[in-house]
Structure formats: structure tokens, C-alpha cells
Amino acid sequence: MSTQIRRRPARRVLAAWGLLTLPALAASQAPATSEQPWPIPQNAIERATLLGSHATSAPTARPYDLAQLIDLAERTSPETRAAWEEARAAAAAIGLAEAAYLPQLSFQAIGGFQHTPLPVPKDLVPKGYFISDTREVLPSLALKWLLFDFGRRDAALEAAKADSFVANVTFTGAHQSLIFSVSQAYFDLSAARGRLRAAQQALAAARTTEDAAVAKRNTGLGTIVSVAQAQRQSAQMRYAVAAAEAAQRTARANLIASLGVAADTQLEVTDASELPLPRTPEQSVTAAIHLALAQRPDIIAALGKMDAAQASLKSEERSYYPIFELSGSAFQNFGSVSSDGKPFSTIDKPGGALLFSFSVPIYDGGTRRSRVSVARSKLHVAEEQLVKTQDSASQQVVKAYNALVSYLAEYDAATAYRDAAHTAYDAALRSYRQGVGTYIDLATEENAVVQAETQVEDARASAHTAAAALAFAMGGAATAPSAENP
């Protein structure tokens, strides 16, 4: 006994010490100081290494055009897969709402032993109490069924269906957004390729000019200054080619990223310069806006959100009404009881109950009123969000529409400028070689050719991007038109 008495204080001291050291142990999990980085555990590094890359690979044996790139992105993009799972989850939520109309059946079993002292008058039992020993097992089936709730379940089902509709429309919107992203990245790559071609042509022209300057210097008709200026122009064009190559690599990386495939995937991609220019919009900008307001997924989704908010408000308003429920149970009592050590009395009999209940809320401290107020505010938010979405859609349509018209006009002007620049450069080069023209005139025309070629490539890619943006803004598939601009 004395040993046990000595051990108890020791245990209490250890327990108290453990409670005191818990904050210190928790603090030790944080970095020791702000001056040095926290060392990542090796097991975490090994775990991340084992995960590897989950990006999807793509066949690289063929060159991909825009349609094939879009098809690849729709099959591999995590954004569309996530939107699809959200749509599936919203559809499953309809099943949850429908389950509220069905009865709920559950099985339960309770068993155990109970030793209970119970008081009793002393004129019956001199000691004033007796001991009851009970052993019992009660397996039971319980039934609960909500019969009528004045439309609260109906409103919840309407809200679930509206949420599922929104998720489905959002899934379609995710596809359209993906199509536009891939299209934009594809045309950006084509624009980068066009700038590279223009830079390469400029380098070739600069070398031609340099050769002409050297030839004139060798015959005594040119100056060392003209040769140095021509060499400087060639060096500048080599830098422009290097910068254009870097921009093309960046544009290619952006396109790969938009596809949802591995970042190191090497894809051959066709050039958008082979595509005909998009058409000038046939309908007016007003007609384009009306079409966008009728079919854009974000507007239709905003309508669905407003329907869901209305159904939620209706459900909360129905919480003021009574509900009618049916409940029942059936059980089998396997038990025995003994009093003051006497022999056990046993029972093996079924039992059951069937009850109808009616309940009406009277006072809840304003909980229902607050929930109705919240639901009504959410409905107003959904209504205003719809208006905002409509305004944003109209602005996007106008912006894309005007951009397409402008870039098509710019392309026509840039094409004429390019033809004139090439003619002027050829004339200046001939004059310079014949000793009539000056190097300054030749260099000016050479720069004009570079500028014209770059403008043509930029206007072509911008027109395709604007056409894709207009199709996306109107709620259609953002793919490149296949008909030439008249």
C-alpha cells in the first residue's frame, strides 16, 4: 500500500510536467528563427518525387491544326474535368432532395447489463432499497416519414435542379473558355512566327544592303561610314531575329500550357498564316449583342442562379408552416431481470409503435426570420449579378466586334503598305548600286519593309484572334472561320 501511495504523487508530477511542456512541443514544430528557411523533411521530398508529373502526354508524330489542338485540350484539360465533376455532384444533389420524399428506415440494436439500486418504502423492505440486475437486448426497426410540409421539400428540389442546371451550363462555358484560350494561344504563336519571318527577311535585306555597301566601298564609290552603318544594321537585325525566336518559344510554351499536357511536350503546330482571313461580321453590332444575350453560358447560368435563389427563398418561407410526420418502430425484447439476487425472469416478446405527429414552430428567437432575410438578399444579389453579366457581355461583344473590323482594315492597309515598301526598297537598292541613291535612302526603305512585314503578320494574327473573341463573346464556338474575307 505504501508503494502505491508513493507512486501516485510521482504520476501526478509527470502528468503536470507533460501539460506544461505541451506548448513548448507545439512551438518546436514551427521554424526556429525567421532568419533561416525551414528545412523540408527528406520524407516529404521523397513523397513529392514519387508523385511525378500527372500531366497527360500527347502524340507528337503529326502536326496539329487548330481543330486538333482544341480536341486535344478538351480531352486533357483539368478545367473541363473539374467542371464535369461539379456537374455530376450537382446532379447527385437532386437525388438527395428527392430522397426527402421517401420514408427513412433504420435498424438499431441496444444491449447491455445494468446493476441498479432502487429505493423502496421501508414498510415493504426494511433496508429501504433493493438491487435490480437487468440483462437486455433490443433489436429494432425504426420508420420515419415526412408526410406533408407545405411545399418546403418541393422548393428544395427546385433549388437542387436549378443548381444542377447552372453546373451543366458552367461546364459548357468551361469548354467555350478553353476553346478560346487555345485559339488565342494558337494565334499568338502564329503571330510570333510571323514576326520571326519578318525579322529573318529583314536580316536578309540588311545583308544584301551590307554587301552592296561593301561592293561600292571596294570600287571607291562608297565610304567606310556607309559600310559601318550597314554592318550595324545587320547586327541589329540579328538581334531582332534572336528576340523573335525567344518570343516564339514563349508563345509555344503558352500554347502547350493551355492544352493541359506535359510542359515539355514537343508538338508540331500548323501555321495560322495558311488560314484564310475571317469574314467581316455580317450582322450589326446590335444583332450580335442580342444573340450574345440569348445564348452566352454565363448569362444562362446567372438566370439559373436566380432561379435557385428564388427556390431557396421559397423553402425558407415555408419554414413558418407546420409539418406532418409518421413514425413507427418494431422491436423484439430479449431480456431478463433479477431483484436482490433472486432468480432471473426472462422475456422474449415483440413490441411496436405507430405514431402520427403534428408540429408547428411558434418561437425560435428570430432564426427563421433571419434565414428568410438572408435568402431574400441572395436573390437580390443574383438579380443584380444577372444585370452585371449582361452589361459585361454587351461590352465584350462591342469590343470584339470593333476589334475584328479594325484589324481586317489594318490588314488591308498593311498589305498595301508592304507591297509599296518592297517596290520602294527594290528601287532604292538599284539606285544605290548604280551610284545614284544614298545609303540613308536605302536604309530608310529597308526599315519600311521590316515595319510593313511585321504589321502584316500582326494584323493577320490579330484578326483571327478578334474573330475568335467575337465568337466567344457571342456564346458560340471560338474557332477560326474558314471563309476568306471578301
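Everything discussed here concerns the structure shown above.
Here is a short report on the structure shown in this document. (Residues numbered from 1 in each chain as written. Predicted model: local features only at pLDDT ≥ 70, side-chain atom pairs only at ≥ 80, totals over all residues. Heavy atoms only, no water.)

Section: the overall build of the protein chain
Alright, step 1. Broken down by element type, the protein chain carries 10 helices and six strands.
Alright, step 2. Each principal axis of the C-alpha distribution contributes one length, and for the protein chain these read about 145 × 70 × 45 Å.
Alright, step 3. Counting only residues that meet the buried cut, the protein chain has 35% of its 486 residues in that class.
Alright, step 4. Within the protein chain, contacts between residues separated by at least 24 positions form 82% of all contacts whose residues are at least 6 apart in sequence.
Alright, step 5. Summing over all exposed atoms, the protein chain offers an accessible surface of approximately 29100 Å²; the carbon and sulfur share of this is 59%.
Alright, step 6. Taking the average location of the 45 positive side-chain charges in the protein chain and that of its 47 negative ones, the two points are 11 Å from each other. (Helix = DSSP H or I, 4+ residues; strand = E, 2+ residues; numbered from the N terminus. Buried < 20%, exposed > 50% of the residue type's maximum accessible area, 1.4 Å probe, protein only. Contact = heavy atoms within 4.5 Å. Areas by Shrake-Rupley, 256 points an atom, 1.4 Å probe, with all protein chains shown as cover. Lys, Arg positive; Asp, Glu negative; His and termini not counted. Charge placed at Lys NZ, Arg CZ, Asp CG, Glu CD.)

Observations concerning the pairing of strand β6 (residues 345-359)
Residues in a regular strand project their side chains so that they alternate between the two faces of the sheet.
Alright, step 1. Among the 15 residues of β6, zero are classified as buried, and the element is accordingly described as predominantly exposed.
Alright, step 2. Here strand β5 (residues 323-339) hands over to β6 after five residues, with Asp-340 in that stretch at a positive phi of 55 degrees. (Pairing = 2+ DSSP bridges.)

Brief notes about helix α9 (residues 367-433)
Alright, step 1. In this model, α9 (67 residues) spans 93 Å end to end at C-alpha, consistent with the 99 Å of a helix rising 1.5 Å per residue.
Alright, step 2. Of the residues one or two after α9, Gly-435 is the one with positive phi, at around 85 degrees. (Expected span 1.5 Å × (residues − 1).)

Remarks on the pairing of β5
Alright, step 1. As judged from the 14 bridges shared by strand β3 (residues 129-148) and β5, these two strands associate in the antiparallel manner. Each residue of the ladder has a partner; that of Phe-148, found in β5, is Phe-324.
Alright, step 2. Both β5 and β6 contribute to a ladder of 15 bridges, which runs antiparallel. Bridged to Phe-324 within β6 is Phe-358.

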